[in-house]
Amino acid sequence: TMPNAIEIASLDGKLFYPGDSQDINFSFAPDTPESYHLVGNFETDWDLHPELKIELTGEGTLPTIKTYNFRFDTTKVSHDIDSVMLAFTTSGNEDLTIDKVVVRSGDVQSFDIRTDSLAGIKIPSGENINMPVSFRPRRAGEHSIIIEVTHDGNPNYQRSIDTIIVSGYALPIDTLSY
């Protein structure tokens, strides 16, 4: 049973005298972005007074985020590549708060990426967030990093972490001349 319905039901059978009033505490903590509606109908024993109706309406709000992995084209060792990656998009019907964006693990020496400007910001719904990133391989083989995005894209502003994987492959430098 919903807390608001319990609060309304607690008035059942309560006797009110002329001039009495009753405070009713309501809460609204939706977990989906949709319309909400609750109606409480109360009958009175006063023939001249119509039925009392308490009606609660609200619109749930929720920001959402979608992160994107990014892969560089294959290059050779010491041949750097600069690019701009689509890191994430925002949607929903509320601004998204980004608490922090950090490189958590991987070949951090192989990539140059700045995440400082995304910490502690609110981003409107419908935005694409791009980040400049460079791949600077100094050894042959697969390279990757994991970026963590801490945000409030959850019901009731709860925080969670989404990840982005940035990767690339470097071939050894050909040392033979023909």
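Just so it is clear, the model here is predicted, and its values are computed rather than measured. (Residues numbered from 1 in each chain as written. Predicted model: local features only at pLDDT ≥ 70, side-chain atom pairs only at ≥ 80, totals over all residues. Heavy atoms only, no water.)

Looking at the pairing of strand β3 (residues 63-67)
Each regular strand carries side chains that alternate between the two faces of the sheet.
Piece 1. Only one face of β3 is buried, namely the one carrying P63, I65 and T67, since none of T64 and K66 on the opposite face is buried.
Piece 2. Relative to strand β6 (residues 81-92), β3 runs antiparallel, the two being bridged by five bridges. Residue pairing for β6: T64 is matched across the bridge by S91. (Buried < 20%, exposed > 50% of the residue type's maximum accessible area, 1.4 Å probe, protein only. Helix = DSSP H or I, 4+ residues; strand = E, 2+ residues; numbered from the N terminus. Pairing = 2+ DSSP bridges.)

So, the environment of I8
Piece 1. With respect to the secondary-structure elements, I8 resides in helix α1 (residues 3-9).
Piece 2. By relative accessible area, I8 is classed as buried at 7%.
Piece 3. Spatially, the C-alpha atom of I8 lies 33 Å from that of T64, the residues being 56 residues apart in sequence.
Piece 4. Look past the residues within four positions of I8 in its chain and what remains in contact with it is F26, L38, G40, F42 and I54. (Contact = heavy atoms within 4.5 Å.)

Observations regarding the packing of aromatic side chains
Piece 1. Under the counting rule described, the total for this entry stands at four aromatic pairs.
Piece 2. Residues F111 and F135 carry aromatic rings whose centres are separated by 5.1 Å and whose planes lie at 20° to one another, so their mutual orientation is stacked. With a gap of 24 residues between them, F111 in strand β8 (residues 111-113) and F135 in strand β10 (residues 128-135) connect regions that are remote in the sequence.
Piece 3. Judged by relative accessible area, F111 falls into the buried class, the value being 8%. (Phe/Tyr/Trp six-rings, centres within 6.5 Å; stacked < 30°, edge-to-face > 60°.)

Re the sheet that holds β3
Piece 1. The strand order across the open sheet built from four strands is β3-β6-β10-β8, with neighbouring strands paired in antiparallel fashion. At either end of the open sheet lies a strand with only one pairing partner, and these are β3 and β8. For this sheet, the mean inter-axis angle between neighbouring strands, taken without regard to orientation, is 30°. (Axes fitted to C-alpha atoms, helices over the stretch in contact; angles between N-to-C directions.)

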